[in-house]
Amino acid sequence: MKYIEVDEELYRHIASKTEQIGESASDILRRILGLQVESVVEDAPEEISHPSLEQTPKVEKVVKKPVAAVKAVSDFNQLIDAELLANQKGAVGRFLFILDTVYLASPKQFEQVLQIQGRDRLYFATSKEALLKASKSANPKEIGQSGFWVTTNNNTAKKRTILSEVLMQFGTDEVQISEIAAKI
């Protein structure tokens, strides 16, 4: 397996073409380019090389014959419990609740949110300390019990933008993205 570095825009485009949970970047590119797609099961999540990640990915892959395709969850609107959402405390609570819903629907694919960053800001990390190191005022909060942390000191409009980028990563259509982001 060879690793390449891609810019943020290209990464988002590739991620937006995900059709099934756990689909690798190689499979997505093969499908887009019209090459034969191999069904791959990963023992560990694949990490895409990015300057903010200091680990070298170690992925063992087992190639299996294609099984009935599992459709990726992209309609998160139907998964969000309106009553539970309404009981959340403020914009931060609703933001965290929706992110947790996305995580619970697709935990293996959720790691790709680590690629969502501002020009000079880190929005997601796997530890509170990483967000605090990037910004002392980040006010990091854990997304449910996921092990992923998010910066919460942004205004509501920015939270909506970050959530929209997360939903784009999961292939959610623009209409649903707008509806869900408006719930914050």
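Residues numbered from 1 in each chain as written. Predicted model: local features only at pLDDT ≥ 70, side-chain atom pairs only at ≥ 80, totals over all residues. Heavy atoms only, no water.

K.L.:
Run through the overall build of the chain, naming residues and quoting values.
P.N.:
Across its full length, the chain holds 7 helices and 5 strands. Seen in sequence order, the chain has helices and strands lined up from the N terminus as α-α-β-β-α-α-β-α-β-β-α-α. Of all 184 residues assigned to the chain, the portion counted as buried reaches 37%. When the accessible surface of the chain is totalled, it reaches about 10900 Å², and 51% of it is carbon and sulfur. (Helix = DSSP H or I, 4+ residues; strand = E, 2+ residues; numbered from the N terminus. Buried < 20%, exposed > 50% of the residue type's maximum accessible area, 1.4 Å probe, protein only. Areas by Shrake-Rupley, 256 points an atom, 1.4 Å probe, with all protein chains shown as cover.)

K.L.:
Explain a nonpolar patch on the surface residue by residue, including any values.
P.N.:
On the surface, Leu-29, Ile-32, Leu-33 and Leu-35 cluster together into a nonpolar patch covering about 370 Å² of accessible area. Of note, Leu-35 is situated in the loop between α2 (25-33) and β1 (39-42). Since its relative accessible area comes to 48%, Leu-35 is described here as partly exposed. (Patch = residues over 30% accessible without salt bridge, like charges linked within 9 Å, V, L, I, M, F, W, Y side chains within 5 Å. Salt bridge = Lys/Arg side-chain N within 4 Å of Asp/Glu carboxyl O.)

K.L.:
Describe in detail the nonpolar core, supporting the description with residues and values.
P.N.:
Note that soluble globular proteins tend to have their nonpolar side chains buried in a common cluster. Residues Leu-99, Phe-110, Phe-124, Ile-143, Leu-163 and Val-166 are the most contacted members of the largest nonpolar core, which totals 28 residues. Listing elements by their share of this core, those giving two or more residues are α4 (90-105), α6 (156-169) and α7 (174-181). A total of 8 residues in this core trace back to one element, the largest contributor, which is α4. (Core = buried A, V, L, I, M, F, W, Y, C linked by side-chain atoms within 4.5 Å.)

K.L.:
So, the side chain of Gln-112: which residues are in play, and what are the values?
P.N.:
You can see Gln-112 is positioned in the loop between α4 and β3 (124-125). If we ignore the near neighbours within four places in the chain, the residues touching Gln-112 are Tyr-11, Ala-15, Gln-169 and Phe-170. (Contact = heavy atoms within 4.5 Å.)

K.L.:
I'd like a description of the confidence of the model for the chain, backed by residues and values.
P.N.:
Considering every residue of the chain, the mean pLDDT works out to 78; 77% of them sit at 70 or more. Below a pLDDT of 50 lies the segment residues 40-72, which in the model reaches 57 contacts outside its immediate sequence neighbourhood of four places, other chains included. (pLDDT = per-residue confidence, 0-100.)

K.L.:
Lay out unusual backbone geometry in plain terms, naming residues and giving numbers.
P.N.:
Positive phi, normally seen in glycine, also occurs at Asn-139, with a value near 50°. Relative to the elements of secondary structure, Asn-139 occurs in the loop between α5 (128-134) and β4 (140-142). Relative accessible area serves as the criterion here: at 38%, Asn-139 is assigned to the partly exposed category.

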